[in-house]
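Here is how the chains run, residue by residue.
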Amino acid sequence: MTREQYILATQQNSLPRTEHPQLYPVGIYGWRKRCLYFFVLLLLVTMIVNLAMTIWILKVMNFTVDGMGNLRVTKKGIRLEGISEFLLPLYVKEIHSRKDSPLVLQSDRNVTVNARNHMGQLTGQLTVGADAVEAQCKRFEVRASDSGKVLFSADEDEIVIGADRLKVTGTEGAVFGHSVETPHIRAEPSQDLKLESPTRSLVMEAPRGVQVNAAAGDLKATCRKELHLQSTEGEIFLNADTIRLGNLPVGSFSSSSSFSSSSSPSSSAARQTIYELCACPNGKLYLSPAGAGSTCQSSSNICLWS
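Residues numbered from 1 in each chain as written. Predicted model: local features only at pLDDT ≥ 70, side-chain atom pairs only at ≥ 80, totals over all residues. Heavy atoms only, no water.

Going by what an unreviewed UniProt entry lists, the protein is known as SGCZ protein and is assigned to Prunella himalayana. In the Sequence similarities (unreviewed entry) part of its UniProt record, the protein is described as follows: "Belongs to the sarcoglycan beta/delta/gamma/zeta family." (UniProt positions renumbered as here; feature names shortened; annotations may be inferred.)

Right, dumping it as structure tokens:
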């Protein structure tokens, strides 16, 4: 026996021995145990309620693998079915409806569509309101759906109407504040065409000529002061079966040089029914009784009077 074993054997024999050893319980007992069970039960109930609410929300909101409710996520983007409301700004690249239904944008107030550049500056705006539709842009165009032809365009310099036919259906016609340049003005069938300037003068001019044609009606030109027909290089040609110039002044001419003194009053009165149309050097016209010869050259006093 070694020395260490002897020392340990003698120490164990010298320790007092007790008949009833003291035991110490291990664990949670009493009110602590009851509180622990209560919290575990409360946590279990909360988890069950939370799971039930999650399942109910998924059922009500119609969550599926493709999306949520009326919202479907496809390869081409997001698809919305039915009526959708957006309370915050919506940023998209393209919005289009189905092939068999229209696209409706509705708001309790104005509907505004803005276009901005890469710096965030506003370049175009379209506002649809209760009173008017306003467009703010550098150039506004309306094109045909089939051919892409520009039907209407407007910018700061000019307004272009590209339709083959412009029709004005108002009872008062069309009012232009400034000049109008057009190759053709025509009224509806069985309707009269009237060009009128109530307070100013009406001027029609063209580099090669102005043609006024009334195929099945009368042509009437009325003015308050003067009517000018001017041709710079050509002539003014009036072609009609009968040309009447009313309210012309009638000049008096002595018949002593043209009529014989032996002519009777009845024959003289018969000759007075025929008149000549004379023109003065200043362009004025007058009527002069026709005699044996022309009396226009000898009636210079009539030019001063007329």
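> Could you give me a rundown of helix α2 (residues 31-60), with the residues and numbers involved?
For an α-helix, 3.6 residues make a turn, and residues three or four places apart therefore share a direction. End to end, α2 covers 43 Å across 30 residues, agreeing with the expected 44 Å (1.5 Å per residue, within 8%). Burial analysis of α2 places just zero of its 30 residues in the buried class, which makes it a mostly uncovered element. One or two steps after α2, the chain reaches Asn-62, where phi turns positive at roughly 55°. (Helix = DSSP H or I, 4+ residues; strand = E, 2+ residues; numbered from the N terminus. Expected span 1.5 Å × (residues − 1). Buried < 20%, exposed > 50% of the residue type's maximum accessible area, 1.4 Å probe, protein only.)

> Quick rundown of the sheet that holds strand β4 (residues 111-116)? Include the residues and the values.
Paired through their backbone hydrogen bonds, the strands of a sheet run either parallel or antiparallel. Pairing in this open sheet of three strands is antiparallel, and the strands run β4-β5-β6 from one edge to the other. The open sheet has two free edges, formed respectively by β4 and β6 (133-136), since each of these has just one partner strand. Strand-to-strand twist across the sheet, computed as the mean angle between neighbouring axes with direction ignored, equals 10°. As judged from the four bridges shared by strand β5 (residues 122-128) and β6, these two strands associate in the antiparallel manner. Looking across to β6, one finds that Gln-125 is bridged to Gln-136. (Pairing = 2+ DSSP bridges. Axes fitted to C-alpha atoms, helices over the stretch in contact; angles between N-to-C directions.)

> Got a sec to walk through the sheet that holds strand β1 (residues 67-68)? Specific residues and values, please.
As summarised here, the arrangement of the three strands in space is β1-β2-β3, forming an open sheet in which the pairing is antiparallel. Edge positions in the sheet fall to β1 and β3 (78-80), since each has one partner strand and no second. Here two bridges tie β1 to strand β2 (residues 71-73), and the two strands are oriented antiparallel to one another. The partner of Gly-67 across the bridge, within β2, is Arg-72.

> Would you mind going over the pattern of salt bridges in detail, with residue names and values included?
Note on pairing: side chains with opposite charge can pair once their charged atoms come close. Applying the stated criterion to the full structure yields four salt bridges. Among the salt bridges present, the one from Arg-139 reaches Glu-141, with a minimum N-O distance of 2.7 Å. In this structure Arg-139 comes out as partly exposed when scored by relative accessible area, which is 41%. Among the ionic pairs, Glu-196 bridges to Lys-194, the shortest N-O distance being 3.5 Å. In this structure, Glu-196 and Lys-194 share a single accessibility class: exposed. (Salt bridge = Lys/Arg side-chain N within 4 Å of Asp/Glu carboxyl O.)

> Outline the UniProt feature "transmembrane region" (unreviewed entry) in the protein, listing residues and values.
Listed under "transmembrane region" (unreviewed entry) in the UniProt record, and renumbered for this structure, are residues 36-58. Here residues 36-58 runs as 100% helix and 0% strand, with 33 Å between its end C-alpha atoms.

> Lay out the layout of surface pockets with the relevant residues and their values.
Of the voids in this model, the second largest pocket is the one considered here, and its volume is about 2500 Å³. Within the residue set of the lining of the second largest pocket, elements represented by two or more residues are β3 and β4. For the lining of the second largest pocket, the leading source of residues is β4, giving six residues. Among the residues making up the lining of the second largest pocket, the classes are represented as 20 nonpolar, 14 polar and eleven charged. (1 Å grid on protein atoms, 1.4 Å probe; cavity = no way out; pocket = protein on both sides within 12 Å on 5 of 7 lines; lining within 4 Å. Points joined across faces, edges and corners; volume = space filled by probe spheres on them. Nonpolar A, V, L, I, M, F, W, Y, C, P; charged D, E, K, R; others polar.)

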